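# Chain and residue survey
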Amino acid sequence: MKIVVASTPEQEHHITELIDYMYSSIFPIYFEDEYIGKFEKWNVLEPKEEDVYYNRTLDKAFKVISSLQALIAVLETIQEEGYQEYYGELFAKNVQILNEYGYLFPFTIEEFQSVNNPQGVSKYSKPANKYLA
């Protein structure tokens, strides 16, 4: 018998927040709106249906959170400091972890090496305040 501890609602919420952050703050810098819309249709960063139940354990939720945070940190660092080989290794490792847990992330580090929209202005970006929405 194996005892498994379920993930907390806070962890599940944090995963959702990190995915929203990728869509609203990271993707708009590197991709055009129509391409980001395709990501939604392709279910990028959405867990596969068969993996949702399996992933809702404490340790697996922690690994997904850690991988998302690492990817965000790598992509934000590349944006500011430029690409270094070490970032590519971190990126690949965390993409592999996400894919293992059913979160589709079909990108390579090369797709994030050139900034297409430095201001990140996009319909996917969060407004500066609620009156701009």
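All residue numbers refer to position in the chain's written sequence, counted from 1. In keeping with the predicted nature of the model, local features appear solely for residues at pLDDT of at least 70, side-chain atom pairs appear and are counted solely at 80 or more, and the whole-chain, interface and lining totals rest on all residues. Note that the side-chain values use all heavy atoms of the structure and ignore hydrogens as well as water.

### Thoughts on the packing of aromatic side chains
For any two aromatic rings, the description comes down to two numbers: the centre-to-centre distance and the angle of the planes. Aromatic pairs are defined between Phe, Tyr and Trp rings, using the six-membered ring for Trp, whenever the two ring centres lie within 6.5 Å; interplanar angles under 30 degrees are classed as stacked, those over 60 as edge-to-face, and all others as tilted. According to the stated counting rule, one finds 20 aromatic pairs in the structure shown. Consider the rings of Phe31 and Tyr35, whose centres lie 5.5 Å apart with planes at 45°: the pair is tilted. Each residue is assigned to one of three classes by its accessible area relative to the maximum for its type, calculated with a 1.4 Å probe on protein chains only: buried under 20%, partly exposed between the two thresholds, exposed over 50%. Looking at Phe31, the relative accessible area reads 8%, which means it is buried. Seen from their ring centres, Phe39 and Trp42 are 6.2 Å apart, and the 40° between their planes marks the pair as tilted.

### Things to note about the nonpolar core
Nonpolar cores were defined as sets of buried Ala, Val, Leu, Ile, Met, Phe, Trp, Tyr and Cys residues, with membership established by side-chain atoms within 4.5 Å. Among the nonpolar cores identified, the biggest contains 34 residues, and Phe27, Leu45, Phe91, Phe105, Phe107 and Phe112 are the most heavily contacted of them. In this structure, Phe91 is in contact with Leu71, Val74, Leu75, Phe105, Phe107, Thr108, Ile109 and Phe112, ignoring residues within four places of it in sequence. We call two residues in contact when some of their heavy atoms are within 4.5 Å.

### Here we look at the packing of helix H4 (residues 58-81) against helix H5 (residues 85-100)
Comment: axis = line fitted to C-alpha atoms, over the contacting stretch for helices; angle = value between 0 and 180 degrees taken between N-to-C directions. Helix and strand definitions here come from DSSP, where helices need a minimum of 4 consecutive H or I residues and strands a minimum of 2 consecutive E residues; each element is numbered from the N-terminal end. One way to put it is that H4 packs onto H5 with a least axis distance of 9 Å and a crossing angle of 150°. Compared by their axis directions, H4 and H5 come out roughly antiparallel. In the crossing of H4 with H5, the sense of the turn from one axis to the other is left-handed. Contacts from Lys63, Val64, Ser66, Ser67, Leu68, Ala70, Leu71, Val74, Leu75, Thr77, Ile78 and Glu81 of H4 reach H5 at Tyr87, Leu90, Phe91, Asn94, Val95, Ile97 and Leu98. Each angle receives one of four descriptions, namely roughly parallel if under 35 degrees, roughly antiparallel if over 145, roughly perpendicular if within 65 to 115, and oblique otherwise. Take the far helix as your reference; a near helix turned counterclockwise from it by less than a right angle gives a left-handed crossing, and one turned clockwise gives a right-handed crossing.

### Points about H4
Each residue after the first adds 1.5 Å to the expected span of a helix. Compared with an ideal rise of 1.5 Å per residue, which puts 24 residues at 34 Å, H4 spans 34 Å between its outermost C-alpha atoms and is within 8% of the ideal. All buried positions along H4 are accounted for by Lys60, Ala61, Val64, Ile65, Ser67, Leu68, Leu71, Ile72, Val74, Leu75 and Ile78. Gly82, located one to two residues past H4, shows a positive phi value of around 95°.

### Describing the confidence of the model for the protein chain
Note on scores: pLDDT gives the predictor's confidence for each residue, bounded by 0 and 100. Averaged over all residues, the pLDDT of the protein chain equals 84, while 79% of them reach at least 70. Put simply, helix H3 (residues 49-55) is where the protein chain has its lowest mean pLDDT, 62, and H5 is where it has its highest, 93.

### Description of the packing of helix H1 (residues 9-30) against helix H2 (residues 33-41)
Orientation of H1 relative to H2, taken along the N-to-C sense of each, is 135°, at an axis distance of 10 Å. Comparing the axis directions of H1 and H2 gives the class oblique. Every pair of crossing elements has a handedness; the one defined by H1 and H2 is right-handed. In contact with Tyr23, Phe27 and Pro28 of H1, H2 contributes Ile36, Phe39 and Glu40. Here the term charged refers only to Asp, Glu, Lys and Arg, the term nonpolar to Ala, Val, Leu, Ile, Met, Phe, Trp, Tyr, Cys and Pro, and the term polar to all other amino acids, Gly among them. Among the residues making up the contact of H1 with H2, the classes are represented as five nonpolar, no polar and one charged.

### Some words on a nonpolar patch on the surface
A cluster of nonpolar residues, Tyr35, Trp42 and Leu104, forms a patch on the protein surface that exposes about 280 Å² of accessible area. Note that Tyr35 resides in helix H2. Exposure remark for Tyr35: the relative accessible area of 32% places this residue in the partly exposed category. Each patch is built from residues lacking any salt bridge and having more than 30% relative accessible area; the joining distance is 9 Å for like charges and 5 Å for nonpolar side chains (Val, Leu, Ile, Met, Phe, Trp, Tyr). Residue burial considers only the protein chains on display, and all accessible areas are found by Shrake-Rupley using a 1.4 Å probe. By salt bridge we mean one thing: a side-chain nitrogen of Lys or Arg within 4 Å of a carboxyl oxygen of Asp or Glu.

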